[in-house]
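Survey of secondary and tertiary structure
Letter by letter, the chains look like this.
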Amino acid sequence: MVQFTPRYINFLKSNLSIGEGTSPQDEGDSLLDSDYLFQILIFEENSEHPKLIYGTKKNLLDMLDPPKSSDSTLFPSKGTSIDKDFMSDIPGELGDAQRSTVRFLKQARELSQRMAATWLNEEKIPTDEDKIKIKLVRKILNSYNLPLDTYFVNDEGTLNNNPDGLEQLIMTAQAEGNQDLYLIKREYVSYNSISLSLLLCGQAYYKNDNNEWTRIWEPIFSNYEIVYEYALDLSWDTYYATRKDIAQPGINQNPPYTEVTLGYPPRPPEFNLTQEDIQRWVRAKEMPLTGEENSEFPFYPPKENGKFVSDQIRFVAPPFPYLPLSTV
């Protein structure tokens, strides 16, 4: 039986075309209340520096104007996912636990591949769109801990940098009951690297040649992970990522609860790491090509008759030395 809570009444007001008896839970994350707040990073045309934008889910979707099929995946982003057929025969909590480990390792692989992609020379980057995206990623990585110009998008779709207006927006979300759940707040240690966090959860955008807002990178982390689990940092002098707990003595604790420092050293000389080897790792597909057991560096085992031949994942780390390794 549906309970007509204030949250559900607001849901019905914003989704009048949905049939009787349908609830937000039935529809999934795509119908998360439209008044929940999120943050995005944007590069406007010819801009050297990104802007940090706050807004309700509704106002940000109106601003970005994404294809309708992708609305449910933007706010909140779910991060990387694993193939639905992998370990599908393992039931219950055991299967959930093992798939959680698989997703964790897939995130580590994707981080390594994405970081390595920024080391490619321009002629090794296949498309003009990819060249633009990698250029923007380099800008974020090189300035991830610098202060950002901060705005919010109002109900008219206008960007506003009035601090009092932003504070009122956040206070309203808090008063409405947890609608600031997905914000990286200014008092969180992770706020200092918010541009890196937003990049890695798929909330960084630029305008393409068709004047459409486009994701720079698809998400590796979910919004929830980058708020509650990970404070991200970069190290310029190591190839290895590190992970450590954040000590918070006392009763007033704030997320996130883990600090992850990603290795991002200068690119090695060609003698140590060739462009071809970087490219081979960056382009490695998750799935072996059909009928090719030895296609290069896949994550999953091959399939036979539509089923994976084993539960053994294959390549998580790069097969070459001097490429960034990531642990999350």
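Below, the structure is looked at part by part. (Residues numbered from 1 in each chain as written. Predicted model: local features only at pLDDT ≥ 70, side-chain atom pairs only at ≥ 80, totals over all residues. Heavy atoms only, no water.)

1. Some thoughts on the pairing of strand β9 (residues 258–263)
Within β9, five of the six residues are buried, which leaves it mostly tucked inside the rest of the structure. Note that strand β7 (residues 230–235) and β9 share six bridges and pair parallel. Bridging from a neighbouring strand, L232 pairs with V260 of β9. Bridge count between strand β8 (residues 242–245) and β9: four bridges; the pairing is antiparallel. Directly across from T242, in β9, lies its bridge partner T261. (Buried < 20%, exposed > 50% of the residue type's maximum accessible area, 1.4 Å probe, protein only. Helix = DSSP H or I, 4+ residues; strand = E, 2+ residues; numbered from the N terminus. Pairing = 2+ DSSP bridges.)

2. As for the packing of aromatic side chains
By the definition in use, this model includes 15 aromatic pairs. Relative to F308, the ring of F86 lies with its centre 5.1 Å away and its plane at 85°, an arrangement referred to as edge-to-face. Here F86, found in the loop between α4 (71–74) and α5 (92–117), pairs with F308, found in strand β11 (residues 307–308); they are 222 residues apart in sequence, far enough to count as distant. For F86, a relative accessible area of 0% corresponds to the buried category. Relative to F320, the ring of F297 has its centre 5.7 Å away and its plane inclined at 90°; by these criteria the two rings are edge-to-face. Of the two residues, F297 sits in the loop between α10 (275–282) and β10 (303–304) while F320 sits in the segment after β11, which places them 23 residues apart along the sequence. You can call F320 buried: its relative accessible area is 15%. Joined through ring pairs, the aromatic side chains of Y36, F38, F75 and Y182 make up one cluster. (Phe/Tyr/Trp six-rings, centres within 6.5 Å; stacked < 30°, edge-to-face > 60°.)

3. What to know about the pattern of salt bridges
On inspection of all chains with the given rule, the structure shows 18 salt bridges. Notably, a salt bridge pairs R186 with E167, separated by 2.8 Å at the nearest N-O pair. Here R186 is found in the loop between α7 (163–175) and α8 (194–200), whereas its partner E167 is found in helix α7, with 19 residues between them in sequence. Residue R186 is classed as partly exposed on the basis of its relative accessible area of 45%. Accessibility expressed as a relative area gives 34% for E167, which makes it partly exposed. With its nearest N and O atoms 2.5 Å apart, the salt bridge here joins E296 to R280. A residue pair is termed long-range when its members are at least 10 positions apart, and E296 in the loop between α10 and β10 and R280 in helix α10 qualify at 16 residues. R280 sits in the partly exposed class, given a relative accessible area of 34%. (Salt bridge = Lys/Arg side-chain N within 4 Å of Asp/Glu carboxyl O.)

Geometry only, nothing functional implied.
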